[in-house]
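Geometric and topological summary
Here are the chains, one letter per residue:
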2 protein chains.
Amino acid sequence: MKVAFLGLGVMGFPMARHLAAGGHEVAVFNRTRVRAERWAADNPGRVAATPADAARGAALVFTCVGRDEDVREVVLGPDGALGAMSAGAALVDHTTTSAALAREVAAAAAARGVGFLDAPVSGGQQGAEKGILTVMAGGEPATFATAEPVVACYARAFRLLGPSGAGQLAKMVNQICIAGLIEGLAEGLHFARAAGLDAQAVIDVISKGAAQSWQMENRHGTMLAGQFEHGFAVDWVRKDLGYALDEARRNGAHLPVTAVVDQLYGEVQDMGGGRWDTSSLFARLERLRDVPRA
Amino acid sequence: MKVAFLGLGVMGFPMARHLAAGGHEVAVFNRTRVRAERWAADNPGRVAATPADAARGAALVFTCVGRDEDVREVVLGPDGALGAMSAGAALVDHTTTSAALAREVAAAAAARGVGFLDAPVSGGQQGAEKGILTVMAGGEPATFATAEPVVACYARAFRLLGPSGAGQLAKMVNQICIAGLIEGLAEGLHFARAAGLDAQAVIDVISKGAAQSWQMENRHGTMLAGQFEHGFAVDWVRKDLGYALDEARRNGAHLPVTAVVDQLYGEVQDMGGGRWDTSSLFARLERLRDVPRA
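The rules behind the values
- Residues numbered from 1 in each chain as written.
- Chains lettered and ligands numbered in written order.
- Predicted model: local features only at pLDDT ≥ 70, side-chain atom pairs only at ≥ 80, totals over all residues.
- Heavy atoms only, no water.
- Contact = heavy atoms within 4.5 Å.
- Buried area = accessible area lost by both parts, 1.4 Å probe.
- Salt bridge = Lys/Arg side-chain N within 4 Å of Asp/Glu carboxyl O.
- Helix = DSSP H or I, 4+ residues; strand = E, 2+ residues; numbered from the N terminus.
- Phe/Tyr/Trp six-rings, centres within 6.5 Å; stacked < 30°, edge-to-face > 60°.
- Buried < 20%, exposed > 50% of the residue type's maximum accessible area, 1.4 Å probe, protein only.
- Expected span 1.5 Å × (residues − 1).
- Least-squares fit on C-alpha atoms with pLDDT ≥ 70 in both.
- Arc of directions from axis to C-beta.
- Core = buried A, V, L, I, M, F, W, Y, C linked by side-chain atoms within 4.5 Å.
- Domains from an automatic or database assignment.
- Polar contact = N/O pair within 3.5 Å; in protein donor to acceptor, adjacent residues only side chain to side chain.

**Considerations on the interface of chain B and chain A**
In this assembly, 57 residues from chain B lie in contact with 57 residues from chain A. Taking both partners together, chain B and chain A bury about 4,700 Å²; carbon and sulfur atoms supply 71% of that area. Here chain B is connected to chain A by 0 salt bridges. Of all the elements in the fold, those that place two or more residues in the side of chain B that touches chain A are strand S8 (133-139), helix H8 (166-194), helix H9 (199-206), helix H10 (214-225), helix H11 (234-251), helix H12 (256-270) and helix H13 (281-290) of chain B. Of all the elements, H8(B) adds the most residues to the side of chain B that touches chain A, at 20 residues.

What follows is the structure, encoded as structure tokens:
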């Protein structure tokens, strides 16, 4: 199938690779062109000069960029993808955005007879490299059915969760669940150290029971080792939590702990940790204790 | 072996049963005597009139009562177990207490040549019934070695984590990790409902990834069904978090989210939910939305 992939970041780069490896005819666009050329050096596919150029003639156009405004630019802007797409084609946006943006783009696409799925992913860079992402989608079942076999090139799970926006809202639920969880884990390890315990031995015991989590299993070691140069960056989780807190303000949900953890992440940014993994909430707790007390 | 079990609550009752079934000669004591008589009706063993009466001649004395003051009464009080114990015997306290209480009782026991382990458990009523508890211990290795084969009657894991108090401190780490985690899960489900999502479908997707936890797997269903008459009661988790927050004040650890969640549990108590499972943090979030706005 003729497809386009717009946005070759740490996620998009390997996702587009899986599409090419899956036999699809891929046109790629990236704002920093040299990265698209690097991609094309190793993969069959065409480097396009603009989103519109990439999208022309494609049955499916994928986007994986930064924020709401980046999606707007690459899809709706001058030289945006939508203007070059034919009725019957479809757009799949893998960016994590607001639900409002998803509905806005869906409406603009529908006006031209183009399908749209908001389809944020989870699974991180490793999931993208291995082609085992989880994709949460919102949109029309017909569009979902068209995209499904193609998205399968890089996703282990691809689920339609409701109308436009539902994918983004589901991703917000994911980020809300993780926020309290990861700060709880950080506080537990911080307490263990302050109490003079062998934190690793404690984790070995409690990770079999009601405190168990993916984060505990996969992040306690790097937390205790003070390694944060990996994983999902604090700058990005703050973007996601911002969308979730905005949405909660509109829909009447109360997120007291999520709101606090968002603030704590702001302090990690102030420590210079914007690019650190989300588990650096532990660094924040430990760092505070090193501040000299006059 | 001749043993005593003091405190036949929802945990102690089945734990003492496993000891009797394991061939040990068990004397039991319970403040409300009728409960001890009910135990003895179904199990081989003797009902004692006082803790001292139960402990006399026992090589190991187990306690599983409520709070610091209950342990003090049953071990150190008039008619307490310690006064009746011989040098070389040992006390194993399964109550979740402060670390300071563990050190206090250990010192009193040592003065009489009696060993002591602080040994709080996790795994809940179900774990006690099935004999598959996890036990976190603090104390001397020799005492641990003596207790190990007997505790194995009701524990799947029994780990010595350091000197007296270390078992209680490890249990606090467990409770700290769970506090943020469970409020995060509650906020995620509450947001999902407010956003009009199919919360079950969302959990099906996100429980495969970085948001996964034992609590998500085992409590999302009862949360969404509004079932809270089971599991680990809010009144008890507040006791445990109180000990953890006190300890953190002493050892210099900062627990911002744990402190907030403790307050939220206080609001659940005000709702009449003191006996509800800890997952009733979800009920608190949902209930708030039902308050009429004038």
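**Quick word on the packing of aromatic side chains**
Residues and elements named next belong to chain A. For the coordinates displayed, the defined rule picks out 8 aromatic pairs over all chains. Centroid distance Phe144 to Phe158: 4.4 Å. Interplanar angle 35°. Geometry classified as tilted. Placement of Phe144 in helix H7 (residues 141-151) and of Phe158 in strand S9 (residues 155-160) is noted, with a sequence separation of 14 residues between them. Side by side, Phe144 and Phe158 carry an identical accessibility label, which is buried. A network of ring pairs unites the aromatic residues Phe5, Phe62 and Tyr154 as a single cluster.

**Concerning helix H8 (residues 166-194) of chain A**
Residues and elements named next belong to chain A. For H8, spanning 29 residues, the distance from its first C-alpha to its last is 42 Å, which sits close to the expected 42 Å at 1.5 Å a residue. When you tally the buried positions in H8, you get 28 out of 29 residues, the bulk of the element. Taken from the residues just after H8, Gly196 is the one with a positive phi, measuring 80°.

**As for the relation of the copies chain B and chain A**
Superposition of chain B onto chain A requires a rotation of 180° combined with a translation of 0.0 Å along the rotation axis, giving an RMSD of 0.0 Å. When the rotation and shift are considered jointly, the pair of chain copies conforms to a two-fold rotation axis. Of the interface residues in chain B, 100% have counterparts in chain A that sit at the interface too, so the contact is made through matching surfaces.

**Some words on helix H5 (residues 99-110) of chain A**
All names here are of chain A. With 12 residues, H5 should reach 16 Å at 1.5 Å per residue; the first-to-last C-alpha distance of 16 Å fits that figure. Restricting attention to buried positions, one finds in H5 the residues Ala99, Leu101, Ala102, Val105, Ala106 and Ala109. One face of H5 carries all of its buried residues, which in axial projection span an arc of 155°. Tucked inside the fold, the buried residues of H5 contact helix H4 (68-76), strand S5 (90-93), strand S6 (115-118), H8 and helix H11 (234-251).

**Structural notes on the pattern of salt bridges**
Residue and element names in this part refer to chain A. Counted by the stated rule, this structure contains 26 salt bridges over all chains. Here Arg31 and Glu73 are joined by a salt bridge, their closest N and O atoms 3.5 Å apart. Placement of Arg31 in the loop between strand S2 (25-29) and helix H2 (33-42) and of Glu73 in helix H4 is noted, with a sequence separation of 42 residues between them. For Arg31, a relative accessible area of 61% translates into the label exposed. Between Arg193 and Glu286 there is a salt bridge; the shortest N-O distance is 3.3 Å. One end of the pair, Arg193, is in helix H8; the other, Glu286, is in helix H13 (residues 281-290), with 93 residues separating them in the sequence. When its relative accessible area of 38% is taken as the criterion, Arg193 is described as partly exposed. Each of the salt bridges in this network shares a partner with another, and the network as a whole consists of Arg31, Asp70 and Glu73.

**Re the nonpolar core**
Counting residues in each nonpolar core, the largest one holds 98 residues, and the members touching the most others are Phe191(A), Phe191(B) and Ile206(B). Those residues in contact with Phe191(A), other than ones at most four positions away along the chain, are Leu169(B), Met172(B), Val173(B), Ile176(B), Ala244(B), Glu247(B), Ala248(B), Asn251(B), Ala253(B) and Leu255(B). Counting 33 residues, the second-largest nonpolar core is a separate cluster that includes Val3(B), Ala119(B), Val151(B) and Tyr154(B).

**Quick look at the domain arrangement of chain A**
All names here are of chain A. As assigned here, chain A comprises domain 1 (2-163) and domain 2 (169-290). Of note, the centres of domain 1 and domain 2, computed from C-alpha atoms alone, are 29 Å apart. Between domain 1 and domain 2, the residue contacts involve 13 residues of the former and 10 residues of the latter. In total, about 960 Å² of surface goes out of reach between domain 1 and domain 2, with carbon and sulfur atoms giving 60% of it. Three residues, Arg67, Thr96 and Met136, lead the burial of domain 1 against domain 2; their summed loss comes to 41% of the area buried on that side. Remark: the boundary between domain 1 and domain 2 carries 0 salt bridges. Inspection of the region where domain 1 meets domain 2 yields 5 residue pairs in polar contact (both at pLDDT 80 or more). Looking at the side of domain 1 that touches domain 2, the elements with two or more residues in it are H5 and strand S7 (121-122).

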